[in-house]
Amino acid sequence: SMSELVAPPGCSASQASLIAAALARFTLHTGMDADINEPVLSCDGAVFKGTTAVLRRIATGSSLLPEAAAAAVDHWLGVAAATDAASSAWVEPTASQASVEDRAASKAKLIQLLTAVETQLAGGSSSITGSGATIADIALATV
């Protein structure tokens with residue numbers, strides 16, 4: 001089957017999706033579209049919108065989405081999404097529109113989110129869920 005991911009320029013989902021696809025042995029073709037603001041995966045007649053939905057579809061049936069760690073994977077995917085959103089005040093194409101106040105709020109949020117990641121990994125686990133590499137690790141690593 002043919003799966004195609006289309007994402008806006010500079011979208012971290014593109015890198016995360018390519019890494020997840022390679023590890024899950026999922027054939028993925030990619031493209032860019034400056035007129036969209038979130039990644040869209042077309043796969044077997046279905047459409048998945050947003051980084052989390054795209055990564056979940058790519059990882060379905062692979063060790064990157066273990067059932068036993070589903071809640072933890074969802075939590076850390078949420079942290080990755082929040083980190084990506086907060087970083088928009090610092091990364092183009094959106095940084096040029098960010099005010100000093102936007103950057104201050106963004107910095108505070110990023111410190112909170114990255115401290116949570118650091119605390120979780122401080123326990124000695126090599127993965128964010130403690131269940132081996134998952135799409136949550138990939139999402140966090142590519143934000």
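Preceding this section is the structure that the text describes.
Here, residues in each chain are numbered from 1, in the same order as that chain's written sequence. Whole-chain, interface and lining totals are the exception, using all residues; otherwise, since this is a predicted model, local features are given only for residues with pLDDT of at least 70 and side-chain atom pairs are given and counted only at 80 or more. The basis for the side-chain values is all heavy atoms of the structure; hydrogens and waters are excluded.

(A) Structural detail: helix α2 (residues 51–59). To sort residues, take the accessible area from a 1.4 Å probe on protein chains only and compare it with the maximum for the residue type: under 20% means buried, over 50% means exposed, and anything in between is partly exposed. Secondary structure elements follow DSSP: runs of H or I of four or more residues count as helices, runs of E of two or more count as strands, with numbering from the N terminus. Those residues of α2 not exposed but buried are Val-54, Leu-55, Ile-58 and Ala-59. For α2, the buried positions fall inside an angular range of 120 degrees around the axis, keeping them on one side. Where the residues of α2 are buried, they touch β1 (3–7), α1 (12–24), β3 (40–43), β4 (46–49), α3 (70–86) and α5 (135–142). At the C-terminal side of α2, Gly-61 shows a positive phi close to 85 degrees. This arc is taken over the directions from the axis of the helix to the C-beta atoms. Note on contacts: a residue pair qualifies if any of its non-hydrogen atoms lie within 4.5 Å across the two residues.

(B) Local environment of α3. Compared with an ideal rise of 1.5 Å per residue, which puts 17 residues at 24 Å, α3 spans 24 Å between its outermost C-alpha atoms and is within 8% of the ideal. Where α3 is buried, its residues contact α2, α4 (100–121) and α5. The span expected for a helix works out to 1.5 Å for each residue beyond the first.

(C) Here's a closer look at the sheet that holds β1. DSSP-based pairing: two strands are paired if at least 2 bridges between them are found. Spatially, the four strands line up as an open sheet ordered β2-β1-β3-β4, and their pairing is mixed. Among the strands making up the open sheet, the edge pair consists of β2 (29–32) and β4. For this sheet, the mean angle separating the axes of adjacent strands, direction not counted, is 20 degrees. Of the strand pairs in this sheet, β1 and β3 are connected by four bridges, and their pairing is antiparallel. Interaxial angle, 0 to 180 degrees, is taken between N-to-C directions of lines fitted to C-alpha atoms, where a helix line uses only the stretch in contact.

(D) Main features of the pattern of salt bridges. One side-chain nitrogen of Lys or Arg within 4 Å of one carboxyl oxygen of Asp or Glu is enough to make a salt bridge. The full count for this structure, using the stated rule, is two salt bridges. In this structure, Arg-57 engages Asp-44 in a salt bridge whose closest nitrogen and oxygen atoms are separated by 3.5 Å. Of this pair, Arg-57 sits in helix α2 while Asp-44 sits in the loop between β3 and β4; the two residues are 13 residues apart in sequence, bridging distant segments of the chain. For Asp-44, a relative accessible area of 52% gives the class exposed. Between Asp-74 and Arg-56 there is a salt bridge, with its nearest N and O atoms 3.0 Å apart. Of this pair, Asp-74 sits in helix α3 while Arg-56 sits in helix α2, and the two are 18 residues apart along the sequence. With relative accessibility at 38%, the residue Asp-74 sits in the partly exposed group.

(E) Looking closely at the nonpolar core. Judged by nonpolar contacts, the single largest core of 29 residues is most densely connected at Ile-58 and Ile-135. Elements supplying a minimum of two residues to this core: α1, β3, α2, α3, α4 and α5. Beyond its immediate chain neighbours, meaning those up to four positions away, Ile-135 contacts Ala-20, Leu-55, Arg-56, Ala-59, Leu-64, Leu-65, Val-73 and Leu-77. What we call a nonpolar core is a set of buried Ala, Val, Leu, Ile, Met, Phe, Trp, Tyr and Cys residues that are connected through their side-chain atoms within 4.5 Å.

(F) The packing of aromatic side chains, seen in detail. The criterion for an aromatic pair is that two Phe, Tyr or Trp rings (for Trp, the six-membered ring) have centres within 6.5 Å, with stacked assigned to planes under 30 degrees apart, edge-to-face to planes over 60 apart and tilted to the rest. One pass over the full model with this rule turns up zero aromatic pairs. A ring is scored as having a charge over it whenever the NZ atom of a lysine or the CZ atom of an arginine sits within 6 Å of its centre and within 35 degrees of its normal. When the ring centre of Trp-90 is taken as origin, the NZ or CZ atom of Arg-103, which lies over that ring, is 5.2 Å away.

(G) Quick peek at the side chain of Ser-106. Turning to its location among the elements, Ser-106 is positioned in helix α4. Excluding anything up to four places from it in sequence, Ser-106 contacts Ala-86, Ser-87, Ala-89 and Trp-90.

(H) Representation of the environment of Ser-96. Tracing the sequence through the fold places Ser-96 in the loop between α3 and α4. Along the chain, Ser-96 and Glu-67 lie 29 residues apart, while their C-alpha atoms are 41 Å from each other. One polar contact links Ser-96 to Gln-97, side chain to side chain, over a distance of 3.4 Å. We define a polar contact as two N or O atoms separated by no more than 3.5 Å, with the added condition that, inside protein, one atom must be a possible hydrogen donor and the other a possible acceptor, whereas residues neighbouring each other in sequence contribute only through side-chain atom pairs.

(I) Local environment of the packing of α1 against α2. Two elements in contact, α1 and α2, have axes whose closest approach is 9 Å; the angle formed by their N-to-C orientations is 10 degrees. Classified by the interaxial angle, the pair formed by α1 and α2 is roughly parallel. Residues Ala-13, Ala-16, Ser-17, Ala-20, Ala-21 and Ala-24 of α1 touch α2, and the partners they reach there are Thr-51, Val-54, Leu-55 and Ile-58. The classification used treats Ala, Val, Leu, Ile, Met, Phe, Trp, Tyr, Cys and Pro as nonpolar, Asp, Glu, Lys and Arg as charged, and all other residues, Gly among them, as polar. The residue makeup of the contact of α1 with α2, split by class, is eight nonpolar, two polar and no charged. For classification, angles of less than 35 degrees are called roughly parallel, those exceeding 145 degrees roughly antiparallel, those between 65 and 115 degrees roughly perpendicular, and all remaining angles oblique.

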